Every structure is written in C-alpha cells, then in structure tokens.
Amino acid sequence: MRKIYFTRVFFILPLFFSFNANAQKVEPIKSDQGEVVTMHSRMLNEDRRILIYTPKDSVNPEKAYPVIYVLDADNHFTQMVEYSKYLSRQDVYVIPPLIVIGITNTDRNRDLTPSHSNFDYSGKLDTTANSPYKNSGGNERFFQFFQKELIPYINSNYKTQPYRILAGHSFGALTAINCLINYPDMFDAYIAVSPSFWWDQKFLLKLADKKIKEGSTLSKTLFFSDGNEGSSPKSPFHTDVLKFDSLLKKRDIKGLDFKYMTYPEESHMTVPVKSYYDGLRFIYHQWQLPPVKDEEVNPEIIMKHYKLLSQRFGYSILPDEAYFNNWAQWLVKNPATLNSGIKLLEMNTINYPSSSKAFTALGAAYTIKGEKQKAIASYKKASELNSNSKK
C-alpha cells in the first residue's frame, strides 16, 4: 500500500490509499470556496483538477454531508457553492449543507457525449481532422472514472452521507440523463439543465424510448429544464426536451419524482442560474419543517418529520442542533412559549448527548423557568462534557 501526502491549507496530512486515482496535489481556492485536488486518473489516462467545497460546522465538526457533483465546474462550481451555502444557512435552511464537487474539463466533447458522432447541431457532417467532435463518445469511460476513482476518493477523504446528486448543463445535462438511464444507482438525484438531445441525431432520446419501460421502477429524483434555445417555442431544441418530458409521463415510472421547467426569458447560457436553484429546491422540497405555531411546536412533530426525511434520503437525519437551538432561544424569551422552547432544548440533548452547548442552553432555559435543580444538573453535565473534550 502506497503512502501519499496531501497538502492542505495549513498542514500536511499523511493518508493511505490504493485507489486507481490518487491525489497528487491539494491547494486552497481563494476565499472560502474550498480546495483544488489534482488527481491522476488511470481510467482517463490523464490528470484531472477537482474543485471541492466542504461545509464547516463548529458545533459538530464530525458531521457528514450529502454530495453534489457538478460538471463543467469552470462555469458552475462557484454558483453551486453559493447556492448550497445560502439555502442551508440557519435563517433559511431549506436544504441541508452539501459537499460540492466540481469536475473541470480537459476534453469536454469527449467526456460529456454518449456516442461518437461528427454531426453538429445543424446536422452537418464534419469528418475533417479538425472536427471538434472527433474524440466524442467518451461517456462510458467518464462514468468509470466516477465509479471507480472519483467517488471512492471523495468518500474516503471527506465526511459524506450516502446521498449523491449529479448536476450538468447542455452536454453535461446529456451526461446526467445518460447516467440516469444506464447507471441509475450511481446517483440518487439528477439536475439536467438544457440537455442537448440534438446530439448524434437524437441518440439519447431514442435510447430513453428503448430502455425506459412502461410501469418500470426507478426510485430517483430528476429535475430538468431548458431556456429559449432556438428562435421560437417550436425550435427543435425545445421540442426535444418536451418529448423527453412526455416520454416520462407516459411511461408512468414508479418511484421517479421528476419535474420539468422551462425558462423562455433565459438563454442557453443564463438558464443554469435559475435551474440549479430550482433543481436544489425541488430535490429538497420536503426538507423544510411544515409551518407550526410557536405555541404548538413539540419534539414529536419534529422527530416525525425527520424520520420521514431519513426514509426519503436513505440515511439517518437528525434535527439540526444549531437550528433548533436558535429557535428555542427565541421561544424561551416569551413566557407563553417557554415550555415549547425547553422541549426543543431537551430534544437537542437527546439527539446530541455529547454536546456541552446543548446542555448549557437547556440549563439556561431551566433557570428562566425557575427550575434550579434541573438547571444545576444540566450545567453540571455541560461542564463534564466540556472538560472531557479538552482532554
């Protein structure tokens, strides 16, 4: 087993791996956008630059996160990071924090096309030595890179949950849908923005029609969209996306949660801005706790909601400690909702029994209510946990 050193922002960390793809260099991205990992891929026979953003949680530094993989990272990585950060903020909290993985391009036309073709968008054939599509049709090998190298590397080096999203635009969207059709279990959810169904004389539309059987089961989530590509609503680009939407509806696929949106005021290059936002919201449209009055909030309602989320996303999801602590701090200020706030704080100590902050907050709430013995017990527990963490 080979010893490899990964240079982080302020330190060097020795790690041991035997994957086909190993990181050669890790360097920070400017500001708080994460880091760049340069890894050699044996599947692709080249070095690849991978952009990686990981959320920070000072309350729970060991917390694991779902992962979204973003194609065409040169254009879309920063945007996805900012969406993830904002939408998971404590005062917004409509999606969980996400690890964002951006895959930069070396040969885009090779990696992001499902078949070899020299036909361009207009149907013109170009077989010259300078044809931009002479190396096309590399989706299969690109998927092998994901499956055998990239995903195992990310899972081994970062704190990940077993829920993965693939997001792509144009050829990247074509790749995402091809992955859904041929390798559906590689990801749990897909965002496909303006898929280029025109490719290779509608190769992927024909494949979808052949492989997606009526009444079949596909327990995945798919959001796809398009803009105003073409000169009219009847443009071939838009018509192809509508055909795919119609196909999914007619086949009545069990378990497939999908949504199609069109943005007629957006061009091919501006539509990702709205689509990635709406795609994240759709995937996590059940994430937010349904509206409940402050006087009626209780742990039973909350735990039931998070049990359903755990079932939907396939891993144990607990109510976020910081989010419900902040809510409880608001509730304990009002005598009418003091008991509701205490119940939330008690829930936090059950869900996070090693958190000194949870017990400290509960002790403060007991003090406000005048329950001195309970307050003393909570403060004592917080002190013990805090002392243990410093040893």
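Use the structure listed above.
Residues numbered from 1 in each chain as written. Predicted model: local features only at pLDDT ≥ 70, side-chain atom pairs only at ≥ 80, totals over all residues. Heavy atoms only, no water.

## Focus: the overall build of the protein
Link 1 in the chain: Summing up its helical and strand segments, the protein has twelve helices and eleven strands in all.
Link 2 in the chain: Counting every position in the protein, which comprises 391 residues, the buried fraction comes to 52%.
Link 3 in the chain: Considering only contacts in the protein between residues 6 or more positions apart, those separated by 24 or more positions represent 66%. (Helix = DSSP H or I, 4+ residues; strand = E, 2+ residues; numbered from the N terminus. Buried < 20%, exposed > 50% of the residue type's maximum accessible area, 1.4 Å probe, protein only. Contact = heavy atoms within 4.5 Å.)

## Topic: helix H11 (residues 356-369)
Link 1 in the chain: In a regular helix each residue adds 1.5 Å, so 14 residues correspond to 20 Å; H11 covers 20 Å between its end C-alpha atoms and thus fits that length.
Link 2 in the chain: Those residues of H11 lying buried are Ser356, Ala358, Phe359, Ala361, Leu362, Gly363, Ala365 and Tyr366.
Link 3 in the chain: Immediately beyond the C-terminal end of H11, within one or two residues, lies Gly370, with a positive phi of roughly 90 degrees. (Expected span 1.5 Å × (residues − 1).)

## Brief notes about the pattern of salt bridges
Link 1 in the chain: All chains considered together, the criterion is met by 17 salt bridges.
Link 2 in the chain: For Glu46, the salt bridge is made with Arg110, and the minimal N-O distance between the two is 2.8 Å. Placement of the pair is Glu46 in strand S5 (residues 46-53) and Arg110 in helix H2 (residues 108-111), with a sequence separation of 64 residues.
Link 3 in the chain: As a salt-bridge pair, Asp257 and Arg312 come within 3.0 Å of each other at their nearest N and O atoms. (Salt bridge = Lys/Arg side-chain N within 4 Å of Asp/Glu carboxyl O.)

## Overview of the packing of aromatic side chains
Link 1 in the chain: Inspection of every chain in the model, using the stated rule, returns 30 aromatic pairs.
Link 2 in the chain: With a centroid separation of 5.2 Å and an interplanar angle of 70 degrees, the aromatic rings of Phe224 and Phe244 are classed as edge-to-face. Separated by 20 residues along the polypeptide, Phe224 in strand S10 (residues 221-226) and Phe244 in helix H6 (residues 236-251) bring together distant segments of the chain. Each of the two residues, Phe224 as well as Phe244, counts as buried.
Link 3 in the chain: A connected cluster of aromatic rings, assembled from ring pairs, spans Tyr93, Tyr163, Tyr284, Trp287, Tyr306, Phe313, Tyr323, Phe324 and Trp327.
Link 4 in the chain: The ring of Phe145 is capped by Arg48, whose NZ or CZ atom sits 5.9 Å from the centre of that ring.
Link 5 in the chain: When the ring centre of Phe313 is taken as reference, the NZ or CZ atom of Arg312 above it lies at 5.7 Å. (Phe/Tyr/Trp six-rings, centres within 6.5 Å; stacked < 30°, edge-to-face > 60°. Lys NZ or Arg CZ within 6 Å of the ring centre and 35° of its normal.)

## Topic: the environment of Met39
Link 1 in the chain: Secondary-structure assignment places Met39 in strand S4 (residues 35-41).
Link 2 in the chain: Counting along the chain gives 81 residues from Met39 to Asp120, while the straight-line C-alpha distance between them is 32 Å.

## A look at the side chain of Asn178
Link 1 in the chain: In this fold, Asn178 is placed in helix H4 (residues 171-182).
Link 2 in the chain: For Asn178, a relative accessible area of 5% corresponds to the buried category.
Link 3 in the chain: In terms of polar contacts, Asn178 uses its side chain to reach the side chain of Asn139, at 2.9 Å.
Link 4 in the chain: Among all residues touching Asn178, those that are not within four sequence positions of it are Pro114, Asn139, Phe143, Tyr183, Leu204 and Leu207. (Polar contact = N/O pair within 3.5 Å; in protein donor to acceptor, adjacent residues only side chain to side chain.)

## Regarding the packing of helix H9 (residues 321-331) against helix H10 (residues 338-351)
Link 1 in the chain: Put simply, H9 and H10 touch, their axes get as near as 8 Å, and they point 160 degrees apart. One finds that H9 runs roughly antiparallel with respect to H10. Remark: the crossing between H9 and H10 carries left-handed chirality. Where H9 approaches H10, its residues Glu321, Phe324, Asn325, Trp327, Ala328, Gln329 and Leu331 are matched on the opposing element by Leu338, Ser340, Gly341, Leu344, Leu345, Met347 and Asn348. (Axes fitted to C-alpha atoms, helices over the stretch in contact; angles between N-to-C directions. Parallel < 35°, antiparallel > 145°, perpendicular 65-115°, else oblique. Left-handed = near helix turned anticlockwise from the far one by under 90°.)

## Things to note about the pairing of S10
Link 1 in the chain: Summarising burial for S10: six of the six residues are buried, a large majority.
Link 2 in the chain: Of the two faces of S10, both are covered, the one formed by Thr221, Phe223 and Ser225 as well as the one formed by Leu222, Phe224 and Asp226.
Link 3 in the chain: Of the pairings in the sheet, the one linking strand S9 (residues 189-193) to S10 comprises five bridges and is parallel in character. Bridging from a neighbouring strand, Ala192 pairs with Phe224 of S10.
Link 4 in the chain: The handedness of the S9 to S10 crossover, carried by helix H5 (residues 199-211), is right-handed. (Pairing = 2+ DSSP bridges. Right-handed = clockwise from strand over helix to strand, strands pointing away.)

Note that all results are geometric; they support no functional claim without further evidence.
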